[in-house]
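Listed below are the residues making up each chain.
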Amino acid sequence: MTRSFLGWPAFPAAAEREVGNRQLRENVRRATHTIRGKRAVLAAERPDWDALRDSAAAIKDQVLADLETQLLRAEEKVTAAGGTVHWARDAAEANRIVTELVRATGETEIVKVKSMLTEEIGLDAALEAAGINARETDLAATIVQLGDDLPSHVVVPALHRNRSEIRDIFVREMGRHGRPAPDGLTDDPAELAEAARLHLREKFLGAKVAVSGANFLVAETGTLVVVESEGNGRMCLTLADTLISVVGIEKTVPSWQDLEVFLQLLARNATGERMAPYTSTWTGTTDGDGPRTFHLVLVDNGRTRALADPTGRQALRCIRCGACMNTCPVYERTGGHAYGSVYPGPIGAILNPLLKGLDDPQTASLPYASTLCGACNEVCPVRIRFTDVLLDLRAQVADGGQHPVERAALGAVGGVMAHQAAWKAAVKTATTAGPLLPRRIKLPGALGGWTDSRTLPAIPKESFRGWWKRTQGDTK
Amino acid sequence: MMRSMPPNVPRPRTALFVTCLNDTLFPGTGRAAVALLRRLGVEVDFPPGQSCCGQMHFNTGYRKRTAELARHFVDTFGDYEEIVVPSASCAGMPAEAYPLAAAGDPGLARAVAELAPRVVELTEYLTDRLGVEEVGAYFPHRVTYHPTCHSLRATRLGDRPYRLLRAVRGIDFVELPAQEECCGFGGTFSVKNPAVSGAMNGDKARHVLETGASVLAAVDNSCLMNIGGRLDRDGHPVRTVHLVEILARTEQDGPLPGVPVVEEAR
Ligand code: SF4
């Protein structure tokens, strides 16, 4: 069975459950702090870092403003180079297209290069239903797949797992899907990597069909780009006879010159490396080299919906480096699953509502899954202003009448506060009632959470305005 | 030494926007702001019509309500040449939030754009407008400082609060580990996501304890209320004090009652 985020609870409930898992919190804290530190060093190394970020944001905005032209240009180039381009409006259509393409090859065992989009659309489950077994080849994606788990991070999908958990998954599951884990496997990272290497090598060598995503699609030549650390991608992209790349329409960049900007930013910001160990590029098919058949499936699945949101469309600049989640203090405590999507953390908090709309309680809860601390704004390589988008989405939720009780409460406060006399009376009541209020109480209703872990401040006998009125600010 | 203003130079008309939270729950912060500003020669006024900046409303998504409060803010403070605010997050509202809340109301948008540059957070007012760092303060206690998210990333106070703190006589200032990390308050966040907020706050409180400080300072009482509430619940006697309350104290006031005095200062 392939697990999915379908029917996931809204953020507060899901997060509360995850926060209570000490092991998980420790795993996520360790992993995010390690990457955070590496990223900070490598970003600081570049004197032109902020200029690169400016360029990256500007390039993406330019593409998004002219997406149709760019995509048609890419289609023309891919087709001219011997590839076939398919357009998918949503997840169901994308899954149907890929399933039919795989079926046509007659293969039932295929390999995958890690791709968040295929996770987003639930491709593995769709293929499984058609009797096709798609095996992940990226180490972290393999850990997630073997463990029948869900991804919790866009760069390191198994970030929530520690070494000993990984060892247990390998020992338990590898044998059921191919070459078993070596006897006496320990949780030494080198041993774990070797076990994965042996298990996966069989898959690369045997598979005739590979499914990938792409980090970029260069419109001027129709070239696809995959950036990775392990070489599994390179293997799949070159060894298979048929390659099917499933790519979100927002991955387009106009030219190679533009690509250069992103390649300088991505690895430094994602994994704290100067350059990713493997950067693979391919254009259609080449006789005698690599796959003989190439399909590009361009997927919308909510992207044009996001594009229609004037404030929110900047979320489509995202290059999935993961820095926002590595930096996020909320993500650090909850891990990725709390967000109920393959896109967690700050980008998940804005992108999911933009892609899916705010109609269900789960997506409507995400814009509130932030303290608005703004740490993500500072690390995003494409300068997404998360706090602006979060606030705008909150306004959309509030306008949509999702929180009638809260609206009434804040409305009352607002009304009182704008009205001087009433406000003065309210302050007076609050301060005279103050000393009667015990500090270790449990507040009723929605406010109860506050007092679960904190006492309330003592309410002073005299308000500031009371003092001012009495003394005219005389501080003698 | 404390800098005194030449008596014959007319001061600009300066208003204190005390903020609704300080007005009701932390009046000592407002009193300290008045005392300090007057000591520095600023004749500060308190327009009594003032209410709330609307931050909670804005951050929860209620833009119309925010616009009403923005209108009220403009009406109350429009005549003043400078409006000083002892809260980094509230001080940022006119520049950051009001333009968005005023979208669709050009009159209000204009008024807000005109007023916003005159609204200034208190520590920035001291260092940049008055040009002082040594404000004549005396505070013989071990103090650590939490840079609140708004002061760090929105109002961008930078090292201003540290410069002011380091110039305080008798102070034993210690840096807070992982200081740039959010305390988990986030206004509406602490109510909607109490478990996560509590976990963040717990870590912040732990870092405060690691410093051995008797006093935690910040420029936002909302965050101090959050962290202080946790420290208090766990039985730790660390006091949370707004930065301006430290800056306002002099030798005449002596040490803060009930708080350990640092050795060197005795
Ligand atoms: S939103 Fe920005 S920081 Fe987050 S994953 Fe995307 S590009 Fe990276």
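Keep in mind it's a predicted model, so treat the numbers as computed, not measured.

Conventions adopted
- Residues numbered from 1 in each chain as written.
- Chains lettered and ligands numbered in written order.
- Predicted model: local features only at pLDDT ≥ 70, side-chain atom pairs only at ≥ 80, totals over all residues.
- Heavy atoms only, no water.
- Helix = DSSP H or I, 4+ residues; strand = E, 2+ residues; numbered from the N terminus.
- Rg over C-alpha atoms; globule rule 2.2 N^0.38 Å.
- Contact = heavy atoms within 4.5 Å.
- Areas by Shrake-Rupley, 256 points an atom, 1.4 Å probe, with all protein chains shown as cover.
- Lys, Arg positive; Asp, Glu negative; His and termini not counted.
- Charge placed at Lys NZ, Arg CZ, Asp CG, Glu CD.
- Axes fitted to C-alpha atoms, helices over the stretch in contact; angles between N-to-C directions.
- Parallel < 35°, antiparallel > 145°, perpendicular 65-115°, else oblique.
- Left-handed = near helix turned anticlockwise from the far one by under 90°.
- Nonpolar A, V, L, I, M, F, W, Y, C, P; charged D, E, K, R; others polar.
- Phe/Tyr/Trp six-rings, centres within 6.5 Å; stacked < 30°, edge-to-face > 60°.
- Buried < 20%, exposed > 50% of the residue type's maximum accessible area, 1.4 Å probe, protein only.
- Lys NZ or Arg CZ within 6 Å of the ring centre and 35° of its normal.
- Near = heavy atom within 4 Å.
- Buried area = accessible area lost by both parts, 1.4 Å probe.
- Salt bridge = Lys/Arg side-chain N within 4 Å of Asp/Glu carboxyl O.
- Polar contact = N/O pair within 3.5 Å; in protein donor to acceptor, adjacent residues only side chain to side chain.
- Domains from an automatic or database assignment.
- Core = buried A, V, L, I, M, F, W, Y, C linked by side-chain atoms within 4.5 Å.
- Arc of directions from axis to C-beta.

Once that is clear, we can look at the overall build of chain B. Check the secondary structure of chain B and you find 15 helices and 8 strands. In summary, chain B has a C-alpha radius of gyration of 18 Å against a globular reference of 18 Å for 266 residues, a match within 12%. If one aligns the C-alpha atoms of chain B with their principal axes, the spans along those axes are about 60 × 55 × 30 Å. Long-range contacts, defined here as pairs at least 24 residues apart, represent 79% of the contacts in chain B between residues at least 6 apart. Entry remark: accessible area of chain B is about 9400 Å², with carbon and sulfur atoms responsible for 53%. The positive charge centre, built from 28 side chains, and the negative charge centre, built from 31, are 3 Å apart in chain B.

Residues and elements named next belong to chain A. Where helix H3 (residues 49-65) meets helix H12 (residues 256-270), the closest approach of the two axes is 9 Å, and the angle between their N-to-C directions is 125°. Overall, the two elements H3 and H12 adopt an arrangement that is oblique. Remark: the crossing between H3 and H12 carries left-handed chirality. Of the residues in H12, those in contact with Trp49, Leu52, Arg53, Ser55, Ala56, Ile59 and Lys60 of H3 are Asp258, Val261, Phe262, Gln264, Leu265, Arg268 and Asn269. Here the residues of the contact of H3 with H12 are counted per class, giving 7 nonpolar, 3 polar and 4 charged.

On to the packing of aromatic side chains. The final tally for this structure, using the stated rule, is 17 aromatic pairs over all chains. Taking the centre distance of 6.1 Å and the plane angle of 85° together, the rings of tryptophan 282 of chain A and phenylalanine 294 of chain A count as edge-to-face. Taken together, the residues tryptophan 282 of chain A in strand S9 (residues 278-282) and phenylalanine 294 of chain A in strand S10 (residues 293-299) connect sequence positions 12 residues apart. The burial state of tryptophan 282 of chain A is the same as that of phenylalanine 294 of chain A; both residues are buried. Each residue in the set Phe17, Phe73, Phe77, Tyr80 and Tyr98 of chain B is aromatic and connected to the rest through ring pairs, giving one cluster. Against the face of tryptophan 8 of chain A rests arginine 17 of chain A, its NZ or CZ located 5.5 Å from the ring centre.

Residues and elements named next belong to chain A. Two numbers describe how helix H16 (residues 345-356) lies on helix H19 (residues 386-399): the axes approach to 10 Å, and their chain directions differ by 40°. It follows that H16 is oblique to H19 by the angle criterion. In this structure, H16 meets H19 at a crossing whose hand is left-handed. Touching Pro346, Ile347, Ala349, Ile350, Pro353 and Leu354 of H16 are Phe386, Val389, Leu390 and Leu393, all from H19. Here the contact of H16 with H19 is composed, by residue class, of 10 nonpolar, no polar and no charged.

The next thing to look at is the site of the ligand. Around the ligand sit Cys318, Ile319, Arg320, Cys321, Gly322, Cys324, Ile347, Cys380, Pro381, Val382, Ile384 and Phe386 of chain A, and those are all the residues in its vicinity. The class makeup of the residues in the shell around the ligand is 10 nonpolar, 1 polar and 1 charged.

All right, on to the interface of chain A and chain B then. The partner chain B presents 62 residues to the 65 residues of chain A that form the contact. Between chain A and chain B the total buried area reaches about 5300 Å² when both faces are included, carbon and sulfur atoms providing 61% of it. Here chain A and chain B share 6 salt bridges between them. Inspection of the chain A/chain B interface yields 18 residue pairs in polar contact (both at pLDDT 80 or more). A total of 9 residues in the side of chain A that touches chain B trace back to one element, the largest contributor, which is helix H20 (residues 404-418) of chain A. When its residues are assigned to classes, the side of chain A that touches chain B shows 30 nonpolar, 18 polar and 17 charged.

All names here are of chain B. Considered domain by domain, chain B is made up of domain 1 (14-127) and domain 2 (133-265). A straight line from the C-alpha centre of domain 1 to that of domain 2 covers 22 Å. With 26 residues of domain 1 at the contact, the number on the domain 2 side is 30 residues. Buried surface at the junction of domain 1 and domain 2, both sides included, amounts to about 2100 Å², of which 66% is carbon and sulfur. At the surface where domain 1 touches domain 2, the tally comes to 0 salt bridges.

In this structure, Phe170, Ile347 and Ile350 of chain A together with Ile83 of chain B are the most contacted members of the largest nonpolar core, which totals 146 residues. Counting residues per element, this core draws most heavily on H12 of chain A, at 7 residues. Once residues within four sequence positions are removed from consideration, isoleucine 350 of chain A is found in contact with Ala315, Ile384, Phe386, Val389, Leu390 and Leu393 of chain A. Val84, Val143, Tyr162 and Ala217 of chain B belong to the second largest nonpolar core, which has 45 residues in total.

Among the residues of helix H1 (residues 11-19) of chain A, those classed as buried are Phe11, Ala14, Ala15, Glu18 and Val19 of chain A. Seen from one end, H1 of chain A has its buried residues packed into an arc of 130°, which puts them on one side. Looking at the packing, one finds that the buried side of H1 of chain A touches helix H2 (22-44), helix H15 (329-334) and helix H17 (361-365) of chain A together with helix H13 (194-210) of chain B.

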